[in-house]
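Spelled out, the chains give:
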Amino acid sequence: MSSSSTSASSQFHSRIHDDGIAELVIDRAPVNALNAAGWNGLAREIEALGNHPQTRVIVIRAENRGFCAGVDIKELAANDKLIIDVNAGNYATFKAVHLNKVPVIVAVHGFVLGGGIGICGAADIVIAAEDATFGLPEVDRGAMGGAAHLQRMFGVQKTRYLFFTGEMIGAKEALAWGAIERVVPREQLRDMAMEIAGKIAAKSPAMIRIAKEALTGIEDGNLEDKYRWEQGFTLQAYMSPDSAETRDAFVEKRDAKF
C-alpha cells in the first residue's frame, strides 16, 4: 500500500511489511515542514493504514534533517487563508494517530516541532535518537495549538514552561520526564522502532486492537476536544497584526518587532 494523492504523496511514503508492520516515512526536504495538502494527505494515509486488515502496528519516522518542523510557514505567509485548511489537516492527522485502530509508534530524530509534537503526543509509543529535541515555538510563529499533545507527554507546568518560552528540550531530559519510551543512537533508531513494533505485531491482532480502544477510553479528558479548543485561539491569534509580523520575520530571517 502506498500514498495516492499527487500533491501530498511527495511529502511522505508508506508500505505494509509482510509481518503486518506498516511503516510511514515523512520525507519533505529539507525540514519536513508539511503544507496544507501534505497534512491532509498524511491524515488520510495514517487512517487508511490503520483500517487495512493486514496492519498490526504502525511505525512513523522521517528522513532529512529532523522528524518534523510542523507546518509550512512560507505557505501561510504567502496565503494566510490556508490556516483553515492547515488546521483541519493537523487536527485530522493527530486524531488519525490517537484514535487509530492499531498502536502507533513514532521514531524521531533531530528537531521535533509544532506538528511533530502533535504526532508524538497523539502516539502510543515514542522513541528518540540521541540528537532529538522537542519544542513548540507556536508563540514565536503567531499561532497556538499543540499544548494538549505536549501535555500528554510532559506535566502541566513543564508544558507551560516550554510553550511560554519556546525553549527546546533534549531527548535525554525528555526521557527523564517520562515523555518518551527510550533514547538510542541515531543509526539504531529505525531498527529499534521496528523491533518494538515486531513484539506487538507478533501478538493477537484482535487482542491488540481491543487493547488500543480500551486504553484510549480510560485516558483522562478528550485529547481531540482539548486540541480543538486550542485551535480556536489559533484563528484568534491570526487576526492579530503581531501574528503576521512573526511569520514575516521568520520568512525574512529577521527578529520580529512588537
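See the structure shown above.
Note that the structure is a prediction, hence the values are computed from the model and not measured. (Residues numbered from 1 in each chain as written. Predicted model: local features only at pLDDT ≥ 70, side-chain atom pairs only at ≥ 80, totals over all residues. Heavy atoms only, no water.)

> Would you take a moment to explain the packing of helix H4 (residues 83-98) against helix H11 (residues 223-238) for this structure?
The description of two helices packed together rests on the angle between their axes and the distance between the axes. Running from N to C, H4 and H11 cross one another at 165°; their axes reach a closest spacing of 11 Å. Judged by the inter-axis angle, H4 sits roughly antiparallel to H11. Two packed elements cross with a definite hand, and for H4 against H11 that hand is right-handed. Residues Ile 83, Ile 84, Asn 87, Asn 90, Tyr 91, Phe 94, Lys 95 and His 98 of H4 touch H11, and the partners they reach there are Leu 223, Glu 224, Tyr 227, Arg 228, Gln 231, Thr 234, Leu 235 and Tyr 238. A class-by-class count of the residues in the contact of H4 with H11 yields 8 nonpolar, 5 polar and 3 charged. (Axes fitted to C-alpha atoms, helices over the stretch in contact; angles between N-to-C directions. Helix = DSSP H or I, 4+ residues; strand = E, 2+ residues; numbered from the N terminus. Parallel < 35°, antiparallel > 145°, perpendicular 65-115°, else oblique. Left-handed = near helix turned anticlockwise from the far one by under 90°. Contact = heavy atoms within 4.5 Å. Nonpolar A, V, L, I, M, F, W, Y, C, P; charged D, E, K, R; others polar.)

> Whenever I open this one, the sheet that holds strand S9 (residues 133-135) confuses me. Can you help?
Strands belonging to one sheet form pairs held by backbone hydrogen bonds; the direction of such a pair is parallel or antiparallel. Spatial strand order, S7-S9-S10: 3 strands in an open sheet with mixed pairing. Lying at the two open borders of the sheet, with one neighbouring strand each, are strand S7 (111-113) and strand S10 (169-170). Of the strand pairs in this sheet, S7 and S9 are connected by 3 bridges, and their pairing is parallel. Residue Leu 113 lies in a different strand from S9, and its bridge partner there is Gly 135. Strands S7 and S9 of the sheet are contacted by helix H5 (residues 115-122), whose axis makes an angle of about 85° with S7. (Pairing = 2+ DSSP bridges.)

> Quick question: what am I supposed to make of the packing of aromatic side chains here?
Each aromatic ring pair is specified by the distance between its two centres and by the angle formed by the two planes. For the structure shown, the criterion picks out 4 aromatic pairs. On the numbers, 6.0 Å between centres and 80° between planes, the contact of Trp 39 with Phe 94 is edge-to-face. Of this pair, Trp 39 sits in helix H2 (residues 36-51) while Phe 94 is found in helix H4, placing the two residues 55 residues apart along the sequence. This pair shows no difference in class: Trp 39 is buried, exactly as Phe 94 is. Residues Trp 229 and Phe 233 carry aromatic rings whose centres are separated by 5.1 Å and whose planes lie at 65° to one another, so their mutual orientation is edge-to-face. Of the two residues, Trp 229 and Phe 233 both sit in helix H11, 4 residues apart, roughly one turn of that helix. Among the aromatic residues, those joined into a ring-pair cluster are Trp 39, Tyr 91, Phe 94 and Tyr 227. For the cation-ring pair, Arg 228 lies above Tyr 91, with the distance from its terminal atom to the ring centre recorded as 5.8 Å. (Phe/Tyr/Trp six-rings, centres within 6.5 Å; stacked < 30°, edge-to-face > 60°. Buried < 20%, exposed > 50% of the residue type's maximum accessible area, 1.4 Å probe, protein only. Lys NZ or Arg CZ within 6 Å of the ring centre and 35° of its normal.)

From the geometry alone we can't say anything about function, so treat these as descriptive.
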